[in-house]
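Summary of structural features
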Amino acid sequence: MIKYKRSLIALSVGAALTVSGWKYLDSDSSKPEFKKESVSEKIWKDDKAVMAKFIDELMAKMTLEEKIGQLNLLTSGWDKTGPTMSDDYQEQIKEGKVGAIFNAFTADYTRDLQKLAVEETRLGIPLLFGYDVIHGHRTIFPISLGEAASWDLDAIQDASRIAATEAAAEGIHWTFAPMVDIARDPRWGRVSEGSGEDVFLSTEIARARVNGFQGDDLGALDTVLACAKHYAAYGQAQAGRDYHTTNMSTRELWDTYLPPFEAAVEEGAASFMTSFNELNGVPATGSKYLLDDILKQRWGFEGFVVTDYTAINEMVPHGFAADLKHAGELAINAGVDMDMQGSVYSDNLLELVEEEKVRISQIDNAVRRILEMKYRLGLFEDPYRYSDTDRQEREIYKHAHMEAARDVARKSFVLLKNQNSILPLSEGQSVALIGPLADSKQDMIGSWSAAGDRWEKPVTLLEGLKARFGDSVDINYAKGASYEFDATDTAGFAEAIEAAKKSDVIVMAMGEKWNMTGEAASRVDLNFPGTQSALMKELKKLGKPMVLVLMSGRPMTITWADENVDAILHTWYAGTQGGHAIADVLYGDYNPSGKLPVTFPRHVGQVPIYYNMKNTGRPFDPNGEEQKYRSRYLNESNAPLYPFGYGLSYTEFSYSDLALNSQILNPGSSVTASINVTNNGEHAGEEVVQLYIQDKVGSVTRPVRELKGFQKIHLEQGERKTVEFTISAEDLAFHDIDMNLAAEAGEFNVFIGGSSEANNTGTFQLSENVQFRRANPND
Ligand code: NOJ
């Protein structure tokens, strides 16, 4: 079985066929129509008629000004997540000019603000409270990219559920997550917020996170509305510079950047956030193609669309709107329902309606979408139901949440190198613990840590080791170096070298400072900032065993470390319980099982580098005769330092006997690929078994291989398991030369193994072309 996938069924011409969410209506074959099955009944379980009656009656009472108020989202003064702040948000709430507030939390504060809306406005329509609950609310889990490295969908879903439980107990109804942008440029700081470079993995994680946040009942008190962001193609910012332009073919958009968003719609994500970037000349926030044609019409999205922070206003500097009023007109007519922090709607929509540039029906549609979500949350029954101090007291930092955070952290770590099995460490060894990240609480929880406490709660590695050993192991700590970009002072080196001399093993906690990743945190290189590399080189001279505990929110260029230290454990930013989790892994209580969700380059000049690239007409063959006229660099190899899907374990897994039960795949049928995986090492452990497929020839060129399935299995020492994947035509689909979603007849290679470099292979033929979805005539 391919464990995590949804199923599609081929179109049958002339019939109306419902296909796992898709309904193809062949009423007029010259104009194919695409309609999504309604998620509102299937997933949100609405009684549509009752809800519609309530909202009709409410909207009949609303003035146009009150309706426009519902489309306005303002930040409170509690947190700063963008360039502007609102000083008068409370006044505006009382005047009925605000439908939603973000960056406000705690049961008391949300209750106070809710009171202003409920008691002081004419209709008392409750506010919706949103917040960036990304990888935990108070109890912080590893950063999203770290969670993705666990390849453990259940763990990721549970982490989102815990985040939702804590957030909902503090009055929050709506999280601005999951971030589902595919990201292939590690210079872009927001790589840390997503699930990495791969479509299949990111899509499955998008599903897990939406389900974790929303559960199966939007009205339950331990769930929050999800928001798929940033729609769309934000991850391909030119030169890795945040907010920069994106340009890509429609096929790349559909095959690579849209699938996680479509999956979020299928799972019932309640909202979508527009992205800051322009895409092929049109800012996403003014893109009728993205918002109306694809999201609302084609995918049948029934939730609401919010902008990113002042993104409507930003269409003016983009050069797409002449002024704010024009920007507002473009946004609402493109399909933006809610304006985040820009006040463009509240300042201009009335006039735009009077001038007949915006139809009232467009505003009504937006208002209805927002009111429906308030209804589903139960806010019209009890506007204060999420603002409950007792529940807050009970849920925040609960023991079970902390345990889960420690567990997910351990699962997220990736062992990149372990020469001579230097890890796990033995308790008899004294340890020099060195580096700016060894005892820095603020760094442990990374960026976008919501209401997470950065100063008291996080457990550092030094604290984790001390908690574990007390005085029974000698730990000689020295910060030694700085991670600040402009640091040059090497005065701390001497102390670090002294600590190392006294110790049997050197453990270096190094990488990036927490705020070097996330929003507005692009970098031109991927090296260790500050004096860290220089200190590592000094320590190397001592000839002692060296372990690097790497902390970062992006792939870094760590070629020197790879060549010179004995072991490297990537721990991302591991969260509130990070120090305990790292100690658990360093000492073998947990055998690392994470796999990279992103490729690690050797050099920043290789960027963008990702495993599922195209082959070129002159692929480089290091063993080939012709070397010059090949697709390669003169002064660096094409190969990554560590490939996608890579990660070691304290044990050894071997793969053998890849077999396919048939060499022919017929439409409507499947082929089963199986492989034996054996634990030949000395520890029990988990392995992520990965299936890749290559479509050898296509009507458009196809990637060298693509992830199409994975299973995380546990094997006791000496145990062997047979792992099976079922492959059907839907797994082979892509947007063909005519932009139909189709699988094309021909030969396919199968690769199964423990990384994207898996070299156990098989081959099968797809017997006929299979078309799943016709191109949209507008594409
Ligand atoms: C800007 C960020 O791009 C987005 O991810 C976030 O949700 C909003 N600010 C709100 O804080």
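Everything here concerns the structure above.
The present account deals with the structure reproduced in this document. Given the structure is predicted, the values throughout are model-derived calculations rather than measurements. (Residues numbered from 1 in each chain as written. Predicted model: local features only at pLDDT ≥ 70, side-chain atom pairs only at ≥ 80, totals over all residues. Heavy atoms only, no water.)

Remarks on the site of the ligand
What counts, and what does not: Proximity is defined per residue: if any heavy atom of the residue lies within 4 Å of a molecule or strand, that residue is considered near it. Here a polar contact means two N or O atoms within 3.5 Å. Within protein one must be a hydrogen donor candidate and the other an acceptor candidate, and residues neighboring in sequence count only if both atoms are side-chain atoms. Accessible areas in this description were obtained via Shrake-Rupley with a 1.4 Å probe; residue shielding takes into account the shown protein chains only. Any residue outside Ala, Val, Leu, Ile, Met, Phe, Trp, Tyr, Cys, Pro, Asp, Glu, Lys and Arg is labelled polar, Gly included; the first ten of those are nonpolar and the last four are charged.
In the vicinity of the ligand there are 14 residues, among which T81, D132, R190, H230 and D308 approach most closely. Contacts to the ligand include H230, whose side-chain N or O atom sits 2.7 Å from an oxygen atom. In this structure, an oxygen atom belonging to the ligand sits 2.5 Å away from a side-chain N or O atom of D308. Out of a free accessible area of 290 Å², the ligand has 100% covered by protein chains. Residues belonging to the shell around the ligand are distributed by class as follows: 7 nonpolar, 2 polar and 5 charged.

Considering the packing of helix α12 (residues 324-334) against helix α13 (residues 344-354)
To be explicit about the condition: Angles shown run from 0 to 180 degrees and are taken between the N-to-C directions of axes, each axis being a line fitted to C-alpha atoms and, for helices, limited to the stretch in contact. Numbering of helices and strands runs from the N terminus, with a helix taken as a DSSP run of H or I at least four residues long and a strand as a DSSP run of E at least two residues long. Convention used here: angles under 35 degrees read as roughly parallel, angles over 145 as roughly antiparallel, angles from 65 to 115 as roughly perpendicular, and any remaining angle as oblique. Residue contacts follow a heavy-atom distance rule, with two residues in contact if any of their heavy atoms lie within 4.5 Å.
Relative orientation of the contacting elements α12 and α13 amounts to 80°, with a least axis distance of 9 Å. Here α12 is positioned roughly perpendicular relative to α13, judged by the angle of their axes. Note on element contacts: α13 touches α12 through V344, Y345, N348, L349, E351 and L352, opposite L324, K325, G328, E329, A331 and I332. Here the contact of α12 with α13 is built from residues that sort into 7 nonpolar, 2 polar and 3 charged.

Some words on helix α22 (residues 578-586)
We apply this condition: Under the scheme applied here, a residue whose accessible area is under 20% of the maximum for its type counts as buried, over 50% as exposed, and between as partly exposed, the area being computed with a 1.4 Å probe on protein chains only.
The buried count for α22 comes to 9 of 9 residues, which makes it a mostly enclosed element. For α22, the set of buried residues is G578, G579, H580, A581, I582, A583, D584, V585 and L586. Following α22 by one or two positions, G588 has its phi on the positive side, about 85°.

Some remarks on the sheet that holds strand β21 (residues 664-665)
Just so we agree on the cut-off: The pairing criterion for strands is at least two bridges between them, as found by DSSP.
One open sheet holds the 5 strands; their spatial order is β21-β29-β28-β23-β24, and the pairing between them is mixed. Each having just a single partner strand, β21 and β24 (706-715) make up the two edges of the open sheet. Of the pairings in the sheet, the one linking strand β23 (residues 685-695) to strand β28 (residues 746-753) comprises 6 bridges and is antiparallel in character. Considered in β28, the bridge of D695 is made with F748.

Notes on the packing of aromatic side chains
Applicable threshold: Between 30 and 60 degrees the pair is tilted, below 30 it is stacked and above 60 it is edge-to-face, where a pair is any two Phe, Tyr or Trp rings, Trp via its six-membered ring, whose centres lie within 6.5 Å.
The tally for this structure, following the rule as stated, stands at 27 aromatic pairs. Aromatic side chains W174 and F304 sit 5.1 Å apart centroid to centroid with 65° between the ring planes, which places their arrangement in the edge-to-face category. Highlighted residues: W174 in strand β7 (residues 174-175) and F304 in strand β12 (residues 304-306), separated in sequence by 130 residues. Look at W174 and you get buried, because its relative accessible area is 0%.

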